[in-house]
Amino acid sequence: MPFTRIILREGYDDARLKQISDVLHQTLVDTFAVPQDDRFQVIEALPAGRRVYHPRYLTGQRSEDFILFHIVAGKPRSREQKAALYQALSARLHAEVGIEPDDVMVVIQFTHPEDWSFGNGMMFELPK
């Protein structure tokens, strides 16, 4: 049950935004044990002055195509699942969308099931 904020530059058309969204979702399904229908994302396209980042911090060289994926997940994942997500997302975005791997940053934040309500004022509970 992840929720992802995709923060990127202004200027992408709807088709390219959908492509980025689809790549993220399929990567979550394939590497992060996310059900196919569990898709919750917000895409934020911001002007250059509203995205502040160092062009080389802990990577090669970031460009204006820098994308931040902030994933909030409701159950813990293993170190191996996280590494697989990072690698696959970066590789797929490069192959399918032309985003350079240095331009892909992922932050994962874990919560508890009771931190989620999917509607009707009901607290989410894991099946027993």
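An unreviewed UniProt entry lists the chain under the name Tautomerase YusQ, with Leminorella grimontii as the source organism.

Once that is clear, we can look at the side chain of Thr4. Within the element layout of this structure, Thr4 appears in strand 1 (residues 3-9). Residue class for Thr4 comes out buried when judged on its relative accessible area of 1%. Non-local contacts of Thr4, meaning those with residues more than four positions away in its chain, are made with Leu24, Leu28, Phe40, Gln41, Val42, Phe69, His70 and Ile71.

A word on helix 2 (residues 79-97). Here helix 2 contains 19 residues, and its C-alpha end-to-end distance of 26 Å stays within 8% of the 27 Å for a straight helix at 1.5 Å per residue. Turning to helix 2, its buried residues are Leu85, Ala88, Leu89, Ser90, Leu93 and Val97. Of the surrounding elements, those touching the buried residues of helix 2 are helix 1 (14-31), strand 3 (67-73) and strand 4 (104-110). Trailing helix 2 by a residue or two, Gly98 shows a phi angle of about 85 degrees, which is positive.

With that settled, the discussion passes to the nonpolar core. With 22 residues, the main nonpolar core has Ile20, Phe69, Leu89 and Leu93 as its most contacted residues. Elements that contribute at least two residues to this core include exactly strand 1, helix 1, strand 3, helix 2 and strand 4. A per-element tally of this core places helix 1 first, with five residues. Setting aside residues up to four positions removed in sequence, Leu93 forms contacts with Ile20, Val23, Phe69, Gly98, Ile99 and Val104.

Rules used throughout
- Residues numbered from 1 in each chain as written.
- Predicted model: local features only at pLDDT ≥ 70, side-chain atom pairs only at ≥ 80, totals over all residues.
- Heavy atoms only, no water.
- Helix = DSSP H or I, 4+ residues; strand = E, 2+ residues; numbered from the N terminus.
- Buried < 20%, exposed > 50% of the residue type's maximum accessible area, 1.4 Å probe, protein only.
- Contact = heavy atoms within 4.5 Å.
- Expected span 1.5 Å × (residues − 1).
- Core = buried A, V, L, I, M, F, W, Y, C linked by side-chain atoms within 4.5 Å.

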